[in-house]
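Chain by chain, the residues run as shown.
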Amino acid sequence: MNHVDVAVVGGGPAGTSAAERAAAEGASTVVFESGVPRADRDRLGPDSTDAAGFLDYWVDIADIDVDELPEGVVQCELDDAEFIGPEESVSVDRTGIESSYDGFGFTFQRAKLDDWLRERAEDAGADYRVGDSVTDVETDLSDGHEHTLTLSNGEEWTAEYVILADGPQRRVTIPVLDRFLPADESASERLSPPKTNHIAYQEYRKFPEGVLDSRSIKFWWGWMPGETAYPWVFPNADDVARVGLTMPIGMDMEGIDASDYRLLREDDESIPNGSEYIRRLLEDLYGDEYDVESDFPVVEEGYGKSKGTETYSISSTRPIDSPTAAGIAVVGGAMGTTSAFHEGGDHVAIRTGKLAGELAALDRLEAYNDAWKDAIGDEILRNVAIADVVEEYGPDDWDTAFRVCRQMLESADSGKIVTRKNASVGLDGIRLYKNYKSAKFRYRKGKYTQLREAEYRY
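Cut-offs applied
- Residues numbered from 1 in each chain as written.
- Predicted model: local features only at pLDDT ≥ 70, side-chain atom pairs only at ≥ 80, totals over all residues.
- Heavy atoms only, no water.
- Buried < 20%, exposed > 50% of the residue type's maximum accessible area, 1.4 Å probe, protein only.
- Helix = DSSP H or I, 4+ residues; strand = E, 2+ residues; numbered from the N terminus.
- Pairing = 2+ DSSP bridges.
- Right-handed = clockwise from strand over helix to strand, strands pointing away.
- Salt bridge = Lys/Arg side-chain N within 4 Å of Asp/Glu carboxyl O.
- Axes fitted to C-alpha atoms, helices over the stretch in contact; angles between N-to-C directions.
- Parallel < 35°, antiparallel > 145°, perpendicular 65-115°, else oblique.
- Left-handed = near helix turned anticlockwise from the far one by under 90°.
- Contact = heavy atoms within 4.5 Å.
- Nonpolar A, V, L, I, M, F, W, Y, C, P; charged D, E, K, R; others polar.
- Expected span 1.5 Å × (residues − 1).
- Core = buried A, V, L, I, M, F, W, Y, C linked by side-chain atoms within 4.5 Å.
- Patch = residues over 30% accessible without salt bridge, like charges linked within 9 Å, V, L, I, M, F, W, Y side chains within 5 Å.
- Areas by Shrake-Rupley, 256 points an atom, 1.4 Å probe, with all protein chains shown as cover.
- Lys, Arg positive; Asp, Glu negative; His and termini not counted.
- Charge placed at Lys NZ, Arg CZ, Asp CG, Glu CD.

### Quick notes on the pairing of strand 2 (residues 29-33)
- Across the five residues that make up strand 2, a large majority, five, are buried.
- Here strand 1 (residues 2-9) pairs with strand 2 via four bridges, running parallel. What sits directly across from Val 9, in strand 2, is Phe 32.
- With helix 1 (residues 13-24) bridging strand 1 and the parallel strand 2, this β-α-β connection has right-handed handedness.
- In the sheet, strand 2 pairs with strand 8 (residues 127-130) via four bridges, with the strands oriented parallel. Bridge assignment links Glu 33 to a residue of strand 8, and that residue is Val 130.

### A look at the pattern of salt bridges
- As enumerated under the stated definition, the model contains 32 salt bridges in all.
- For the salt bridge of Arg 129 with Glu 155, the shortest nitrogen-to-oxygen distance reads 3.4 Å. Within this pair, whereas Arg 129 is found in strand 8, its partner Glu 155 is found in the loop between strand 10 (146-151) and strand 11 (156-164), the two being separated by 26 residues in sequence.
- Close ionic contact of Arg 262 with Asp 284 constitutes a salt bridge, the shortest N to O distance being 2.8 Å. Taken as a pair, Arg 262 in the loop between strand 15 (240-248) and helix 7 (274-286) and Asp 284 in helix 7 lie far apart in primary sequence, 22 residues in all.
- Connected through shared salt-bridge partners, Glu 20, Arg 21, Glu 25 and Glu 358 make up one network.

### Points about the packing of helix 1 against helix 9 (residues 346-361)
- Axis separation between helix 1 and helix 9 bottoms out at 7 Å; the angle between their running directions is 30°. Classified by the angle between their axes, helix 1 and helix 9 sit roughly parallel to one another. The way helix 1 lies across helix 9 gives a crossing that is right-handed. Residues Pro 13, Ala 14, Ser 17, Ala 18, Arg 21 and Ala 22 of helix 1 form the contact with helix 9, whose participating residues are Asp 346, Ala 349, Ile 350, Gly 353, Lys 354, Gly 357, Glu 358 and Ala 361.
- In terms of residue class, the contact of helix 1 with helix 9 is made up of seven nonpolar, three polar and four charged.

### Quick look at the pairing of strand 9 (residues 134-140)
- Bridge count for strand 9 against strand 10 is six bridges, and the pairing is antiparallel. In the strand pairing of strand 10, Val 134 is matched with Leu 151.
- Count of turn residues in the strand 9/strand 10 antiparallel hairpin: five residues, of which Gly 144 carries a positive phi of about 80°.

### Brief notes about helix 1
- Relative to the 16 Å expected for twelve residues at 1.5 Å per residue, helix 1 spans 16 Å between its end C-alpha atoms, a close match to the ideal helical length.
- The buried fraction of helix 1 amounts to ten of the twelve residues, a majority that puts the element mostly inside the structure.
- When we look at burial in helix 1, the residues that qualify are Pro 13, Ala 14, Gly 15, Thr 16, Ser 17, Ala 18, Ala 19, Glu 20, Ala 22 and Ala 23.
- Phi turns positive one or two residues past the end of helix 1, at Gly 26, with a value near 95°.

### A look at unusual backbone geometry
- Residue Asp 63 is not a glycine yet carries a positive backbone phi of 60°.
- Here Asp 63 lies in the loop between helix 2 (56-62) and strand 4 (74-78).
- The backbone of Lys 307 sits at a positive phi, close to 55°, despite the residue not being glycine.
- By the secondary structure assignment, Lys 307 is in the loop between helix 8 (292-295) and strand 16 (309-315).
- A relative accessible area of 57% means that Lys 307 is categorised as exposed.

### Brief notes about the sheet that holds strand 4
- With antiparallel pairing, three strands are arranged side by side in an open sheet as 3-7-4. In this open sheet, the two edge strands, each paired with only one partner strand, are strand 3 (53-55) and strand 4. Direction aside, neighbouring strands of the sheet carry axes that sit 20° apart on average.
- Here strand 4 pairs with strand 7 (residues 105-108) via four bridges, running antiparallel. Of the residues in strand 7, the one forming a bridge with Glu 77 is Phe 106.

### Looking at the nonpolar core
- Of all hydrophobic cores here, the largest spans 107 residues; its most connected members are Leu 149, Ile 163 and Tyr 368.
- Looking at which element gives the most residues to this core, the answer is helix 10 (residues 368-389), with nine residues.
- Ignoring sequence-local partners within four residues, the contact set of Leu 149 consists of Ala 7, Val 9, Phe 32, Val 134, Asp 136, Val 137, Glu 155, Glu 156, Trp 157, Ala 159 and Val 162.
- In terms of nonpolar packing, the next biggest core, distinct from the first, is built from 25 residues, Ala 229, Met 247, Met 253 and Ile 271 among them.

### A short note on a negative patch on the surface
- On the surface, Glu 87, Asp 257, Asp 260, Glu 266, Asp 267, Glu 269, Asp 396 and Asp 397 cluster together into a patch of negative charge.
- Residue position: Glu 266 is located in the loop between strand 15 and helix 7.

### What to know about the packing of helix 9 against helix 10
- For the pair helix 9 and helix 10, the least separation of the axes is 10 Å and the interaxial angle reads 160°. As summarised for this structure, helix 9 and helix 10 are arranged roughly antiparallel, according to the angle between their axes. Helix 9 and helix 10 meet at a crossing whose hand is right-handed. Between helix 9 and helix 10, the contacting residues are His 347, Val 348, Arg 351, Thr 352, Leu 355, Ala 356 and Leu 359 on the first element and Tyr 368, Ala 371, Trp 372, Ala 375, Ile 376 and Glu 379 on the second.
- Residues belonging to the contact of helix 9 with helix 10 are distributed by class as follows: nine nonpolar, two polar and two charged.

Spelled out as structure tokens, the structure:
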């Protein structure tokens, strides 16, 4: 039987970051990645699917040096993000958060970033094993903590520490956590992916010359129904863009008035699928001048997971603590640190992975739950609070919010976007500010954590 100090389940950004730090600190480390084929990668690797953008301060959260990224990772340098409602819109050219990165942000090629993170982990001494997935983890707490991992090929490995980085699907994480929770507090119920995830779909489309704004990412809110449901356009290189959307899983038309939403039709009997939503978005934006299917073709060769498209899940739940007393840490999407607002939580995935890997190698994993809150707590609090404020928003609410935000930006005399002074633009501004501040107050001091360390039983 093989033994290592640290075993990592999942080879995405959280898992490889954990492995790199653990190996760099001298721990024997292995990463188990089931591996999927992708058209934009010449070997098996992680799923690598998200809209893939970084804002300025996310670089500091991830603790990466952009200058070290290999050629082809960064696709487009960004000047702003445009948020578009049915009638109102706002262009945001700053995050209002101090950053070491000189710029608003950038889009990047996710598979290339993942491959770079894998290479860093391997260079540090970690063993990256792809092709055999972990099917079971058994934990023995009779003398400290030792874990036995069973692979799909029948192999067994033992490890002192296990880092769960299997993404928002949590195929391994959920059964592992269930063993440390009472039956009436099961992770299976609280973290079930169909209930706690959004589904995302995107296509790589070639835009006509001069049409794609390669310096801006764009989001359309209030155009389709569902909490945190919106389409987007993220520019890539060479006039190619990722045109995609996110929406809750299992939505239906019950209680929805199709006339309220620009991407619905009166004869819709069910919620449109992702490809239909994208066709309707492009038709609405460009149909008067272009034939969408011929002038905005899907780029099938060398892009995305398969034939220029990809479908993936995004965690839309609040984050969880880990059962660190058992020598287990949950990181990245598996712990719920990603957000449907982020369109890719790579920055928080990388940071939580680094923290868990380093602390495991130093035999200080019990500090992990406090460490991740110190490192990314402000980021999580912002996103949980915003999600709380907009939970019941309809098209008119989004128009109001964007009109207010535009006025607040125009009246800002500092780098910050949301302040009490900025909010004085009118009654709607004051209401928006108060709702946001109230939500942040409700989730203060780590109350955004939906599964607390004290709930685990050993």
